[in-house]
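Here are the chains, one letter per residue:
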Amino acid sequence: MDYQLLQVVALLTVIAFGDTSWSIEACSPNELEALMSFKNGIQMDTSGRIAKWVGQKCCNWEGIVCENATSKVIEINLPGLISTDNDLFQTQMIGWLSPSITLLTSIEVIDLGGLVGIGGTIPQNIGLHLPKLYKLSLYGNNLTGQVPENIGELQNLQELSLQENRLSGSIPMSIGSLKNLKRLLLYSNQFSGTIPDSLGNLINLVELDVHDNALTGNIPNRVGEMKAIEKLDLSNNLLSGKIPSSLTNLTAISVLYIDTNYLEGTIPFPSRSGEMSSLGFLRLHNNHLVGNIPSNIGYLVSLERVSLSNNKFEGALPSSLGNLVSLTELYLSANFLSGQIPKSIGQLSQLIMLNISRNLIEGPLPQEISSLQNLQTLDLSFNHLNLSAIPDWIPSMSSLSSIYLAGCGIQGQIPDIFQTTNNPIQELDLSMNLLSGSIPSWIGSLSQLYMLNLSRNSFYSYIPDSFKNLQDLGVLDLHSNRLTGSIAGVFDMEQGNSGRSLTFIDLSDNNFTSGIEEIGVGGQRNIQFLNLSHNLLKGRLPNSIGRLNSIQSMDLSFNELGSNLPEELANLTSLERLKLQENLFTGNISNGFLKLIKLKELNLSGNLLEGEIPYGKPLIDFPESSYSGNKGLCGKPLSPCKV
């Protein structure tokens, strides 16, 4: 039945039943063709919206909006994330974007964002036929190909959201012609080439986000002409060269992300007071920037978060940092900063996070840090502080919950002041120091402790029984000490009310002798990483080891473990790394090992295993060294078994 006949049928319906709304709600032939072509390109729609597209009254279809006066289609609203009065849920469409969508010449909004199964390309003539389009949202689809050069003809376009696709090629120069554009989101694609100079023409742009692509070349100086821009994100690309000084012209900018590139040179902004006065978020980390942190940084009085980590900055920290009274997070790790922390740091009363780790900072620490009563995380690890002892005022800071003082030259015992502190310590890293003596039993009273790292010290005690009380402990690292006795207490920890339990345990390079029989017996079923290597552990592996069904890495090498390998090891199907070398294991390798399909590293060498290695993946893919030193083993990759 052709369209003219359908019109006749519909007209007769009007006469018979008085449906006076038909002439307003019916689609024109071109619009009906465009929408039905779109529908035909969709093989699956979990929301059921497309299935309701029947008849010619497209203005009544879900997701379609028409202009009242003309009944022309002006919006297609089919986003992947659907909000209702009671719920918010993600829907899915699988299919392709029909090029016939350009027949909707009155369309103003196309929103198909978040539909990950929509493939195809952006229609090549989109800029020539949709003169009224002001929003094009195709983010989070599966589109490929290039952005058409004629997209610059969409002179009414205010939002262009193409992020999270597989688009490639260059960013069209014509985008610079979109004078009304306010939001440009192109990140997480496969764009290459340079950022076009024409972007400097987008004087109404408030958000430019093209991060996480493969853009190469320099940042053009003309970016500084976009004075109205509020957010500039060029992160996660291959940009090189220097940061253009013209960025100081961005008078309205509040967010500047140019991290994770190959940028060189110094920080060129601000040059004077009043420039970039609205800048609140600055990320320059993961580049090759050099020189000092300029004292002019103190002019950026609106800064709230600053990340300069992983560059080549050197010299002393400027005292002008104390002017940044709105600062809540400061990341300066992995540079070559030297000298002492300025006393003015104590003026940052809003500071929550301070990370100056992996630099050349010297002691003593200014006591002014103790005035930062909102500080939650303090990381001063791996500097030249030579603290000798932990300053008494650190544990007394009321909000401090994460303390990282690894590699700071701390000597003696862990101070008892941690025992009486009122702050809820959740993370404590004192690794790679000169601490000795017993691990204090009062650590078991730190009821909110999630991470404890005391590795690479000289502790020589047992693991305190009080550790059983650490119900929220998720990470325990005590490796490379001189600890003795049993490891059983670690596996007796019951899962706390938080629903978390130990996921990471490293007790390697100690002198533990017993407790192996407790593995998997307690509540620790969520362990993902377990390293008990280089100890003096004896006995057989318990069958309960098969309950560690989340484990990905297990290293029990260089102990005195014996008897047969338990069949239950085959239940650990998440295992990617299994090291059991240099023990006293006997018997055969179970055929069940063939179920360990995720295994990427295996070492059973230096044991007393015998028999034929089960044939099949992944066992046949490992080198001979994975099985050597077992005189009774044979079969691929070792010598064939004798008949």
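Everything below is about the structure shown above.
Report follows, based on the coordinates. (Residues numbered from 1 in each chain as written. Predicted model: local features only at pLDDT ≥ 70, side-chain atom pairs only at ≥ 80, totals over all residues. Heavy atoms only, no water.)

### Some points on the pattern of salt bridges
Okay, so step 1: One pass over the structure, following the stated rule, counts 12 salt bridges.
Okay, so step 2: Across the salt bridge formed by Arg272 and Glu275, the nearest N and O atoms sit 2.8 Å from each other.
Okay, so step 3: Judged by relative accessible area, which is 8%, Glu275 ranks as buried.
Okay, so step 4: Within this structure, Glu159, Arg183, Glu207, Asp209 and Lys231 form a network of salt bridges that share partners. (Salt bridge = Lys/Arg side-chain N within 4 Å of Asp/Glu carboxyl O. Buried < 20%, exposed > 50% of the residue type's maximum accessible area, 1.4 Å probe, protein only.)

### As for the sheet that holds strand β32 (residues 434–437)
Okay, so step 1: An order of β30-β32-β34 is seen for the three strands of this open sheet, with the pairing classed as parallel. Of all strands in the sheet, those bounded by a partner on one side alone are β30 (411–412) and β34 (458–459). (Pairing = 2+ DSSP bridges. Helix = DSSP H or I, 4+ residues; strand = E, 2+ residues; numbered from the N terminus.)

### A few points about the state of the cysteines
Okay, so step 1: By the definition in use, this model includes three disulfides.
Okay, so step 2: Covalently, Cys59 is tied to Cys66 through a disulfide, its sulfur atoms 2.2 Å apart. Between Cys59 and Cys66, the S-S dihedral sits near -95°, and the bridge is therefore left-handed.
Okay, so step 3: Given a relative accessible area of 14%, Cys66 falls into the buried group.
Okay, so step 4: Two residues, Cys634 and Cys641, share a disulfide whose sulfurs are 1.9 Å apart. (Disulfide = S-S within 2.5 Å.)

### Observations regarding the side chain of Ser98
Okay, so step 1: In this fold, Ser98 is placed in the loop between β6 (93–96) and β7 (109–111).
Okay, so step 2: Once residues within four sequence positions are removed from consideration, Ser98 is found in contact with Ser37, Phe38 and Pro123. (Contact = heavy atoms within 4.5 Å.)

### Notes on the sheet that holds strand β23 (residues 312–315)
Okay, so step 1: Spatial strand order, β21-β23-β25-β27: four strands in an open sheet with parallel pairing. Edge positions in the sheet fall to β21 (290–291) and β27 (360–361), since each of these pairs with one other strand and no more.
Okay, so step 2: Note that strand β25 (residues 336–339) and β27 share two bridges and pair parallel. From the neighbouring strand, Gly339 faces β27, where its bridge partner is Ile361.

### Some details on the pairing of strand β17 (residues 238–242)
Okay, so step 1: In this sheet, β17 lies alongside strand β15 (residues 214–217) in parallel orientation, the contact comprising two bridges. Among the inter-strand pairings, Gly217 is bridged to a residue of β17, identified as Leu239.
Okay, so step 2: Taken together, the three bridges between β17 and strand β19 (residues 262–264) define a ladder with parallel strand orientation. Residue pairing in the sheet places Lys242 in a bridge with Glu264 of β19.

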